[in-house]
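This is what each chain is made of:
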Amino acid sequence: MSVTVRIPTPLRGFTGGNKDVAVEADHVGEALEEVVEIHPELRPHLYDEEGEIRNFVNAYLNDEDVRTLGGESTPVSPGDTITIVPSIAGGATEAPPAPQLSKEEIERYSRHLIMPEVGMEGQKRLKNARVLLVGAGGLGSPLGLYLAAAGVGMIGIVDSDVVDESNLQRQLLHGTKDVGRSKLDSARDRLADVNPHVHIETHELRLTSDNALEVLEPYDIVVDGTDNFPTRYLVNDACGLLGKPNVYGSIFRFEGQVSVFDARHGPCYRCLFREPPPPGLVPSCAEGGVLGVLPGIIGSLQALETIKLILGTGDSLVGRLLLFDALGMEWRELKLRKQKDCPLCGEEPTVTELVDYLEFCGVPEYEESEMQEEAAVPEITPTELKSRLDRGDRIRIVDVREPHEWDIANLADHGAELVPLGTLGERAPELDRSEEIILHCRSGVRSARALEQLHEAGFSRLWNLKGGILAWQEEVDSSLPRY
Ligand code: ZN
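It should be emphasised that the depicted structure is a prediction, and the values quoted were computed from it without experimental measurement.

With respect to the overall build of the protein chain
Looking only at helices and strands, the protein chain features 19 helices and 18 strands. Expressed as lengths along the three principal axes of its C-alpha atoms, the size of the protein chain is roughly 100 × 50 × 40 Å. Each of the 483 residues in the protein chain was classed as buried or not, and the buried ones make up 47%. Where the 47 positive side-chain charges of the protein chain centre and where its 81 negative ones centre are 5 Å apart.

Overview of the pairing of strand E8 (residues 199–204)
Where strand E7 (residues 154–159) meets E8, six bridges bridge the pair, whose relative direction is parallel. If you follow Val158 over to E8, its bridge partner there is His203.

Some details on the environment of Glu104
Checked against the element boundaries, Glu104 lands in helix H4 (residues 103–108). With 97 residues separating them along the chain, Glu104 and Glu201 place their C-alpha atoms 22 Å apart.

Focus: the packing of aromatic side chains
Inspection of the entire model under this criterion finds seven aromatic pairs. Look at Tyr269 and Phe273: their rings are 5.4 Å apart centre to centre, the planes differ by 65°, and that puts the pair in the edge-to-face class. On the accessibility criterion, Phe273 (30% relative accessible area) is partly exposed. One aromatic cluster is present, built from ring pairs that chain together Tyr233, Tyr248, Phe261, Tyr269, Phe273 and Phe360. Of note, Arg433 hangs over the ring of Phe459, and the distance from its end group to the ring centre comes to 4.7 Å. Of note, Arg442 hangs over the ring of Tyr483, and the distance from its end group to the ring centre comes to 5.4 Å.

A short note on the coordination of the zinc ion
Taken together, the protein donors to the zinc ion comprise Cys268 (SG), Cys271 (SG), Cys342 (SG) and Cys345 (SG), at separations of 2.3 Å. Relative to the metal, the four donor atoms surrounding the zinc ion lie at angles of 95 to 122°, and the coordination shape comes out tetrahedral. All donors to the zinc ion come from one chain, and their sequence spacing reads C-x2-C-x70-C-x2-C. Of the two residues, Cys271 sits in helix H11 (residues 269–272) while Cys342 sits in the loop between strand E13 (330–335) and helix H14 (357–360), which places them 71 residues apart along the sequence. Like Cys271, the residue Cys342 is buried in the burial classification.

Looking at the pattern of salt bridges
Counted under the stated rule, the structure contains 29 salt bridges. Between Lys103 and Glu107 there is a salt bridge, and its shortest N-O distance comes to 3.0 Å. In this pair, Lys103 and Glu107 are both assigned in helix H4, four residues apart and thus about one turn of the helix distant. Of the charged contacts in the structure, one is a salt bridge between Lys177 and Asp178, with a shortest N-O distance of 3.5 Å. The class for Lys177 is exposed, based on a relative accessible area of 71%. Of the residues examined, Asp178 reaches a relative accessible area of 3% and is grouped as buried. Residues joined in a network through salt bridges with shared partners are Arg388, Arg391, Asp393, Glu436 and Arg461.

Here's the deal with the nonpolar core
Looking at soluble globular proteins, one finds that nonpolar side chains tend to be buried together. Among the nonpolar cores identified, the biggest contains 38 residues, and Val131, Leu133, Leu147, Val152, Ile155 and Ile157 are the most heavily contacted of them. Ranked by the residues each element gives to this core, the list is headed by helix H13 (residues 294–311), at six residues. Beyond its immediate chain neighbours, meaning those up to four positions away, Val152 contacts Leu126, Ala129, Val131, Leu147, Val198 and Ile310. Counting 24 residues, the second-largest nonpolar core is a separate cluster that includes Val158, Cys239, Tyr269 and Cys361.

Describing the sheet that holds strand E6 (residues 130–134)
In spatial order, the strands read E8-E7-E6-E9-E10-E11-E12-E13; together these eight strands make up an open sheet with mixed pairing. The open sheet has two edge strands, E8 and E13, and neither has a second partner. Averaged over all adjacent pairs, the angle separating strand axes in this sheet is 15°, with direction ignored. Direction of pairing for strand E12 (residues 320–325) relative to E13: antiparallel, over a ladder of six bridges. When the sheet's bridge partners are listed, Leu322 is paired in E13 with Glu333. On the sheet, helix H10 (residues 229–242) packs against E6, strand E9 (221–224), strand E10 (246–252) and strand E11 (255–261) and is oriented at approximately 165° with respect to E10.

A few points about helix H6 (residues 119–128)
Two residues of an α-helix separated by three or four positions point the same way, owing to the 3.6 residues in each turn. Those residues of H6 not exposed but buried are Gly119, Gly122, Gln123, Lys124 and Leu126. In this structure, the buried residues of H6 make contact with helix H5 (110–113), helix H7 (140–150) and H13.

Description of the side chain of Asp178
Along the chain, Asp178 turns up in the loop between E7 and helix H8 (183–194). A distance of 2.8 Å separates a polar side-chain atom of Asp178 from the backbone nitrogen of Gly175. If we skip the residues at most four places from it in the chain, Asp178 touches Val163 and Ser186.

So, unusual backbone geometry
Look at Arg253: it is not a glycine, yet its phi comes out positive at around 55°. Among the structural elements, Arg253 can be located in the loop between E10 and E11. If you check the backbone angles, Met329 has positive phi at about 50° while not being a glycine. Position of Met329 among the secondary structure elements: in the loop between E12 and E13. In this structure Met329 comes out as exposed when scored by relative accessible area, which is 57%.

What counts and how
- Residues numbered from 1 in each chain as written.
- Predicted model: local features only at pLDDT ≥ 70, side-chain atom pairs only at ≥ 80, totals over all residues.
- Heavy atoms only, no water.
- Helix = DSSP H or I, 4+ residues; strand = E, 2+ residues; numbered from the N terminus.
- Buried < 20%, exposed > 50% of the residue type's maximum accessible area, 1.4 Å probe, protein only.
- Lys, Arg positive; Asp, Glu negative; His and termini not counted.
- Charge placed at Lys NZ, Arg CZ, Asp CG, Glu CD.
- Pairing = 2+ DSSP bridges.
- Phe/Tyr/Trp six-rings, centres within 6.5 Å; stacked < 30°, edge-to-face > 60°.
- Lys NZ or Arg CZ within 6 Å of the ring centre and 35° of its normal.
- Donors = N, O, S within 2.8 Å, 3.2 Å for Na, K, Ca; no water.
- Tetrahedral: all angles 85-135°; square planar, octahedral: opposite > 155°, others 65-115°.
- Salt bridge = Lys/Arg side-chain N within 4 Å of Asp/Glu carboxyl O.
- Core = buried A, V, L, I, M, F, W, Y, C linked by side-chain atoms within 4.5 Å.
- Contact = heavy atoms within 4.5 Å.
- Axes fitted to C-alpha atoms, helices over the stretch in contact; angles between N-to-C directions.
- Polar contact = N/O pair within 3.5 Å; in protein donor to acceptor, adjacent residues only side chain to side chain.

Take it as geometry only, folks, not as evidence of what the structure does.
See the structure below:
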């Protein structure tokens, strides 16, 4: 039988640069013997002194591992291709033989295939690639859509949220009909419609120190689309420990950041930000807001970097931090350097296993991205407050949100007054210490902080409205808009 033996790049020096060697053989072992007959210099690399194939050399018959087919005695057919795949220490291993593309796939990806930078080889690499998206929200939406459309063979998604009406302004994976569904179900349906040739693996969980290494392990590239610091540090550290690239993106209001962290040959997130900001200093998107189109731009850049990493083409953002200011329409690029004393990827790393990231980020009670704090502050539920107001109790309601939030919905009909959290210190003297004061915000987090601040200033008759104006809307007055 006439078969082709494909020689990997590192071994082509022993075959006179030839990529393919045509031989006559009846089974795999014979074909490999024939190759080393023709190119004797190759023999010591493929066989040990006893004449056995070295155990770091794998052979594939077409696209199947020979070990799973029956070893060296596996028979071959005319026209078969045997590919030699050696393991290579440290560097990038030769990509495993890529699966063939079907006729439908060739037609679907034709605009990729006609570009020399992608071509058939690149498209097969995409099909072979396994990418994990952490988050199916604002950044995860363009990421999922573009990576699926591009033909990334396996896309994993980690998320534990449910689609909320307020997500639809930017999370294009989900539609109006999906409100109330799990984000993963919604994402899976949408991506299967975009490209039925990709395999979607869903992980319905919150990433924690206990599960992160196991979840990330099967993937080649991890894309960070999270919205909170504990998960961001967790993803960074897990990628560093596993030796995987981490395609980073973050957004806030009108600003975005993109980079690629790869602790093997570049800086990591901890080289950039050694420690997270104290809780509360940087608001989340839920508190601070985000322009709807911004995650579209930043998430698309992450998808682009991911595809370049898979193709092995172009200059990646490793060692560079891209900053985008949408209001000024300005891009800036900063050089990132690996820090010698980085606790994860420096010379003497202290982070050698995953730690408690909630504690590291100083948010011990932090449970959900909506940040419902199980605070130790005295609380009153909206229903209790309503019945006290109906009884005519003398209560002062202080809304500590921002003026633009007040414009969306407020409790002015019940006598609420606006004192934004940032101005509470200077305006506290306006408040009467003998009065009962109910503090509220959107979901109850900022008002809990306000309560502690007033408590320290000597106020004692304080209550936090549990769940904020959102809970009031749910329990008492459904005519108020949610935001
Ligand atoms: Zn580092």
